[in-house]
Amino acid sequence: MSSRSPIESGPPTAARRDVAQPQVGTSVVVFTLRPTRAAHPELAVLLVRRDRAAYQGRWALPGGWVHEGYSLTESARWQLVDKTGIEPDYLEQLYTFGRPDRDPREHRIAVTYFALVRWGEHQLRAGPGTSTVDWFRVGETPSPLAFDNDEIIAYGLRRLRNKVDYAHLAFQFLQPEFTLAELRTVYEAVLGQKVDPPNFRRKVEAAGTVVRTGERQQGMPHRPASLYHCAISIDELLDAPPA
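Draft legend 1. Seen up close, the packing of aromatic side chains. Per the stated rule, a full pass over the model turns up ten aromatic pairs. Consider the rings of tryptophan 119 and tryptophan 135, whose centres lie 6.1 Å apart with planes at 55°: the pair is tilted. Taken together, the residues tryptophan 119 in the loop between strand 6 (108-116) and strand 7 (130-137) and tryptophan 135 in strand 7 connect sequence positions 16 residues apart. Relative accessible area serves as the criterion here: at 10%, tryptophan 135 is assigned to the buried category. Pairwise contacts between aromatic rings join Tyr95, Phe97 and Tyr155 into one cluster.

Spelled out as structure tokens, the structure:
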């Protein structure tokens, strides 16, 4: 393969225009908060084990081709449902990965998305081209993953951490009503660090992103905490500008 870049090589000649064009597919980084034996949940990512070339037997992100008549977002959602059984409420375009050698078979462009789901709300089901679907703790995924999926997950994690504060994505991991302590554990799991409770409370209440429901936790042995709900809708979350 020539070491010259496409720009250095100049515009395609008539002969070069006849060669095969890059194929386009979608891949989805799905995050959830998985319960642990400890008090706090852990951030986990969904992977599928491939049962066909390329990288047969390796774990990878769910995805597949963009088919005729489907938009990119429709394709990402359809491939996710088809390969894993998950249909998320929150699905956002992440980035486009198009390095010519990212797939050993041919030049394939991946338009990537990230999705957020609540733990336990979806039944996993391995679909076509996959033998297994499972959750892995972020930072402890099988290595190496297929294609450039390690790079895609790292990019998705940066996006999630950048947006969890101003775009309020943390609410997507919680039930509709929650305590500020539960919300704080989401921030800690996503950011990978402890958050000071008093400062967190002041920050969240000042931002106006949560509203008291007027109710408190039920059946608690100690003083029950106040319940809150998100002050913005899923549509407003999806309309937030990209990080």
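After presenting the structure, the write-up continues.
Draft legend 2. Structural context of the environment of glutamate 74. Here glutamate 74 lies in helix 2 (residues 72-84). When the C-alpha atoms of glutamate 74 and threonine 26 are compared, they prove to be 9.9 Å apart, with 48 residues separating the residues in sequence.

Draft legend 3. Quick peek at the nonpolar core. Counting 39 residues, the largest nonpolar core has Val29, Phe31, Leu43, Phe114 and Leu183 as the members making the most contacts within it. When contributions to this core are tallied by element, the ones reaching two or more residues are strand 1 (23-34), strand 2 (42-50), strand 5 (90-97), strand 6, helix 3 (149-166), helix 4 (180-191), helix 5 (197-207) and strand 9 (226-230). Counting residues per element, this core draws most heavily on helix 4, which supplies six residues. Once residues lying within four places of it in the same chain are set aside, the contact partners of phenylalanine 114 are Val29, Phe31, Tyr90, Leu91, Glu92, Leu94, Arg159, Leu160 and Leu169. Counting residues in each nonpolar core, the second largest holds 15 residues, with Val48, Ala76, Leu91 and Val133 among its members.

Reading the values: rules and limits
- Residues numbered from 1 in each chain as written.
- Predicted model: local features only at pLDDT ≥ 70, side-chain atom pairs only at ≥ 80, totals over all residues.
- Heavy atoms only, no water.
- Phe/Tyr/Trp six-rings, centres within 6.5 Å; stacked < 30°, edge-to-face > 60°.
- Helix = DSSP H or I, 4+ residues; strand = E, 2+ residues; numbered from the N terminus.
- Buried < 20%, exposed > 50% of the residue type's maximum accessible area, 1.4 Å probe, protein only.
- Core = buried A, V, L, I, M, F, W, Y, C linked by side-chain atoms within 4.5 Å.
- Contact = heavy atoms within 4.5 Å.

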